[in-house]
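Inside the fold
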Amino acid sequence: MDFDAVADELYGLRPEQFTAARDTHAAAARKAGDGALAGKIGKLRRPSLSAWASNLLVRGQPDQVEPLMRLGEGLRQAHHDLDGGQLRELIHRQRVLVSALSRQAGQLAAQAGRPITPDAQREVESTLQAVLADPEAARQWAAGRLVKPLDAAVGFPAVAQDAVRRAPAVSEAPPPAASRKRAADATRRERLAKAREEAETAENDLRAAEEEATQATREAEDAKKQASRLKERVSGLAEELERAEKEHRQAVAAERSARERTRFTDRRVTEAARRAKAAAARMERLATEGK
């Protein structure tokens, strides 16, 4: 059993199928004697709905991975160089590509039998923005094993877009009030993204707890039925044992009675034989005397 193969399989499943499949693989590895692999598999976390949709996008549209990562490299370089013209062009491509990929992720999720919510759709977009902003985020996304959405609230994409839209050139300093407003907006976006992440995590934990509770209830019911069956069997065996003991006592008594009758009849046979012998002798004697 290979960990990467198992992980790839698990993160391709719908979120509600993840926990049971993970536990099955961990149990199989444990049964095969590979405790380290079982522990590693057991630590894999169930993905949120938006993270799962992002993973589907990587798996279902692999030809889109490299273009998005190259666009991110171009955006980061243009931001570093403060090249306003190039930024405006790349940001336009960013909006088009992120929008298209986000829609594709939603379509793939629906085709897989688990349509995503509008909030999850926005988290997919946020993940794609993070991929453009951060090389490490891009690496995580390209692996197709995200557990939660990536956060783009802090990073150049949103800030750069505001700067390009609101100023003639990136190098021009924005007015202090506008700068404070953008900072406040960025803070609100960051807090909203964290709140969404916490809510998604809490929802995932709740679903996992509900699944475990359902499984525990099912196991308890099965155990109760098994205990009831065994109790009935024990009761039947106890009755059978009681009948056998009674029959044994009766058989012992019958044996004792038969032995008594045997001794009695043996005595009667002996006495009858003695009397018969005496009668025969008497008859013989009388016959001799008559001659």
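Residues numbered from 1 in each chain as written. Predicted model: local features only at pLDDT ≥ 70, side-chain atom pairs only at ≥ 80, totals over all residues. Heavy atoms only, no water.

**Looking at the confidence of the model for the protein chain**
- Confidence in the prediction for the protein chain averages 80 pLDDT; 78% of positions are at 70 or higher.
- Element-level mean pLDDT values for the protein chain span from 43 in helix H9 (residues 156–166) up to 95 in helix H2 (residues 15–31).
- Low pLDDT, under 50, characterises residues 157–174; the stretch is placed with 29 contacts to residues that sit more than four places away or in other chains. (pLDDT = per-residue confidence, 0-100. Helix = DSSP H or I, 4+ residues; strand = E, 2+ residues; numbered from the N terminus. Contact = heavy atoms within 4.5 Å.)

**Quick notes on helix H7 (residues 118–133)**
- Over its 16 residues, H7 runs 23 Å from end to end, which matches the ideal 22 Å to within 8%, given 1.5 Å per residue.
- Along H7, the positions that sit buried rather than exposed are Ala120, Glu123, Val124, Thr127, Leu128, Gln129, Ala130, Val131, Leu132 and Ala133. (Expected span 1.5 Å × (residues − 1). Buried < 20%, exposed > 50% of the residue type's maximum accessible area, 1.4 Å probe, protein only.)

**Quick notes on the packing of H2 against helix H3 (residues 35–42)**
- Two elements in contact, H2 and H3, have axes whose closest approach is 7 Å; the angle formed by their N-to-C orientations is 170°. Classed by the angle they form, the pair H2 and H3 counts as roughly antiparallel. In this structure, H2 contributes Arg22, His25, Ala26, Ala29 and Arg30 to the contact, and H3 contributes Leu37, Ala38, Ile41 and Gly42.
- Residues of the contact of H2 with H3, tallied by class, amount to five nonpolar, two polar and two charged. (Axes fitted to C-alpha atoms, helices over the stretch in contact; angles between N-to-C directions. Parallel < 35°, antiparallel > 145°, perpendicular 65-115°, else oblique. Nonpolar A, V, L, I, M, F, W, Y, C, P; charged D, E, K, R; others polar.)

**Some thoughts on H3**
- Among all positions in H3, only Leu37, Ala38 and Ile41 are buried. Angular distribution of buried residues about the axis of H3 spans 100°; they occupy a single face of the element.
- Packing partners of the buried residues in H3 comprise helix H1 (3–10) and H2. (Arc of directions from axis to C-beta.)

**Comments concerning the packing of H1 against H2**
- Where H1 contacts H2, the two axes come as close as 10 Å, and the packing angle between them is 160°. Accordingly, the angle class assigned to the pair H1 and H2 is roughly antiparallel. Taken as a pair, H1 and H2 cross one another with a handedness that is right-handed. Every residue of H2 that contacts H1 at Val6, Glu9 and Leu10 is listed here: Phe18, Ala21, Arg22 and His25.
- Residues of the contact of H1 with H2, tallied by class, amount to four nonpolar, one polar and two charged. (Left-handed = near helix turned anticlockwise from the far one by under 90°.)

**Re the environment of Gly74**
- Within the secondary structure, Gly74 is located in helix H5 (residues 65–81).
- With 17 residues separating them along the chain, Gly74 and Ile91 place their C-alpha atoms 10.0 Å apart.

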